Amino acid sequence: MRENLPVKYSSEKYDEYTKSFVSIYDDFILQNLLEEYYQQGGGLKTLVDVGTGTAQILIKAAANPELDALSLIGTDYFQDMVDEARKVVKQNGLENRIEIINADVHNMPFPDNYADLVISRSTIHHWANPVRAFQEIYRILKPSGVAIIHDIRRNPGPEVLAEFNRLRQEIGVVPSNLEEKYTPQEVEDMLKVAGLTEYAVIAAPETGPGSLGFELRISK
């Protein structure tokens, strides 16, 4: 079993990268989140962002007035990311709106049936034990809760990967390391081992911009 994998550059560079280049992906996740939120009836709900990094996606969520009643919590395993996230959240005047917690996805400090919504972007390949992580995410979901998880796949479309790495290079970030990623089939196999097959759906387009990665939804 491998250890939790950190990013290969500083938390400050990661914040710059996610704030600018990754923003388009965060917008897509937040749109799906908003749809799920309304399907649950809106109102007072709890969102947990697993592997929040520097909390940029939560900052975007906090800026959306349609999500004003949503309690926002970000977790990250790596202390440098937690420290940077708290700094960035404070700089945005959101320390009373967004809570940042140092926590491991394999053993999260939340009771059963805690979160209405869970999101996670580009994190599965960072986890030491994705099977255990999926089980933890399912555990903390409330009945009727939904987790929306995105990651880059190990077998993306070559053209979209080339463009992705070109943009990373522009901002001074190393190319994506496909060896540490998973294919949608491998994730499906993990979900089977986790006992979550009947609760999970994977969407993995073969062509177009979406072919860079996949979306996993776990419903309770």
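This text gives an overview of the structure that appears in the document. None of these values were measured; they are calculated from a predicted model.

**With respect to the packing of helix H5 (residues 130-140) against helix H7 (residues 184-194)**
Running from N to C, H5 and H7 point in directions that differ by 65°, and their axes come no closer than 9 Å. When the axes of H5 and H7 are compared, the crossing they make is right-handed. From H5, Pro130, Val131, Phe134 and Gln135 reach across to H7, where they touch Val187, Met190, Leu191, Val193 and Ala194. Classifying every residue of the contact of H5 with H7 by side-chain character gives 8 nonpolar, 1 polar and no charged.

**Description of the nonpolar core**
Within the largest apolar cluster, 31 residues are counted, with the highest numbers of intra-cluster contacts made by Val118, Trp127, Phe134, Ile137, Leu191, Leu216 and Ile218. Among the secondary structure elements, those contributing two or more residues to this core are strand S1 (45-50), strand S4 (115-121), H5, strand S5 (141-152), H7 and strand S7 (213-219). Per-element accounting of this core gives the leading share, 6 residues, to H5. With residues near it in sequence (within four places) discarded, Leu191 still touches Phe134, Leu196, Thr197, Ala200, Ile202, Leu216 and Ile218. By size, the runner-up hydrophobic cluster in this structure holds 26 residues, among which are Leu33, Ile59, Leu70 and Ile119.

**A few points about the pattern of salt bridges**
Evaluation of the coordinates by the stated rule reveals 16 salt bridges. Between Arg166 and Glu170 there is a salt bridge, with the nearest N and O atoms lying 2.5 Å from each other. Taken together, the positions of Arg166 and Glu170, both in helix H6 (residues 158-170) and 4 residues apart, correspond to about one turn of that helix. Where Arg217 meets Glu215, a salt bridge forms, and the shortest distance between an N and an O atom there is 2.8 Å. Each of Asp112, Arg132, Glu136 and Arg139 takes part in a single network of salt bridges with overlapping partners.

**Some words on the packing of aromatic side chains**
Per the stated rule, a full pass over the model turns up 12 aromatic pairs. Where Tyr17 meets Phe21, the ring centres are 5.6 Å apart and the plane angle is 40°; that geometry is what we call tilted. Tyr17 gets classed as buried once you look at its relative accessible area, which sits at 5%. For Phe21, a relative accessible area of 14% corresponds to the buried category.

**Side note on the environment of Pro143**
Tracing the backbone through its elements, the reader meets Pro143 in strand S5. Since its relative accessible area comes to 56%, Pro143 is described here as exposed. As for Pro143 and Asn113, which are separated by 30 residues in sequence, their C-alpha atoms are 6.7 Å apart. Not counting chain neighbours up to four residues away, the residues in contact with Pro143 comprise Asn113 and Lys220.

Calculation criteria
- Residues numbered from 1 in each chain as written.
- Predicted model: local features only at pLDDT ≥ 70, side-chain atom pairs only at ≥ 80, totals over all residues.
- Heavy atoms only, no water.
- Axes fitted to C-alpha atoms, helices over the stretch in contact; angles between N-to-C directions.
- Helix = DSSP H or I, 4+ residues; strand = E, 2+ residues; numbered from the N terminus.
- Left-handed = near helix turned anticlockwise from the far one by under 90°.
- Contact = heavy atoms within 4.5 Å.
- Nonpolar A, V, L, I, M, F, W, Y, C, P; charged D, E, K, R; others polar.
- Core = buried A, V, L, I, M, F, W, Y, C linked by side-chain atoms within 4.5 Å.
- Buried < 20%, exposed > 50% of the residue type's maximum accessible area, 1.4 Å probe, protein only.
- Salt bridge = Lys/Arg side-chain N within 4 Å of Asp/Glu carboxyl O.
- Phe/Tyr/Trp six-rings, centres within 6.5 Å; stacked < 30°, edge-to-face > 60°.

By themselves, these observations are geometric and do not establish any function.
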